[in-house]
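A structural walkthrough
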Amino acid sequence: MFNLMPKDSAFYVDLDQLAAIIARSIDLLSQLFNSAPDPAQIVSQIENERHVAHLLTREVLWRVEDAFITPFDREDILQLDSDLYGVMESIANAAERIHLYGMHHVYPHLQGQCNILTRVGKLVNEVEI
């Protein structure tokens, strides 16, 4: 038996890639918090990751729009896509501010929060979507 309704689950691959970008960006942010030798280069790398994340987010939106999935699944996928991109935006904004204000030393509590964020990012990246 074949199915006449189009099904495209490629957006799951895009969401996996988005999670991997976030994990890499968190690692870069952690380097920035730990007084990296070239903060401008790290901020630039994070900005490049943000650009790729933006493209992936748009791709997920287009795929979900064209795919035949139940409305409940559609809402969940769109929310996950939006939330993941929101995390990427926050990482990029924090990196820009750290570099802009010339923060050479970060408070230990902030470094601790970044360490926790790093562990969470790795766990999110390991989740099978």
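In what follows, the structure referred to is the one given above.
This one's a predicted model, so the numbers in the text were calculated from it and none came from an experiment.

1. What about the overall build of the protein chain?
Counting secondary structure elements, the protein chain contains four helices and zero strands. Listing the helices and strands of the protein chain from first to last along the sequence gives α-α-α-α. When the 129 residues of the protein chain are sorted by exposure, 33% land in the buried category. Expressed as a percentage of contacts within the protein chain between residues at least 6 apart in sequence, the contacts between residues at least 24 apart total 84%. Put simply, the protein chain shows about 8300 Å² of open surface, and 59% of that area lies on carbon and sulfur atoms.

2. Let's talk about the pattern of salt bridges
Using the criterion set out here, one finds six salt bridges in the structure. With a closest N to O distance of 2.9 Å, Arg24 and Glu49 form a salt bridge. Placement of Arg24 in helix 1 (residues 11–33) and of Glu49 in helix 2 (residues 39–66) is noted, with a sequence separation of 25 residues between them. Judged by its relative accessible area of 41%, Arg24 falls in the partly exposed class. By relative accessible area, which is 14% here, Glu49 ends up buried. With a shortest N-O distance of 3.3 Å, Arg63 and Glu59 are connected by a salt bridge.

3. A word on the side chain of Asp81
With respect to the helices and strands, Asp81 occurs in helix 3 (residues 71–100). For the buried Asp81, no salt bridge is present, and the opposite-charge side chain at shortest range is Arg58, 9.6 Å distant. Ignoring any residue separated from it by four or fewer positions in sequence, one finds Asp81 in contact with Leu15, Leu18, Thr57, Val60 and Leu61.

Parameters at a glance
Residues numbered from 1 in each chain as written. Predicted model: local features only at pLDDT ≥ 70, side-chain atom pairs only at ≥ 80, totals over all residues. Heavy atoms only, no water. Helix = DSSP H or I, 4+ residues; strand = E, 2+ residues; numbered from the N terminus. Buried < 20%, exposed > 50% of the residue type's maximum accessible area, 1.4 Å probe, protein only. Contact = heavy atoms within 4.5 Å. Areas by Shrake-Rupley, 256 points an atom, 1.4 Å probe, with all protein chains shown as cover. Salt bridge = Lys/Arg side-chain N within 4 Å of Asp/Glu carboxyl O. Lys, Arg positive; Asp, Glu negative; His and termini not counted.

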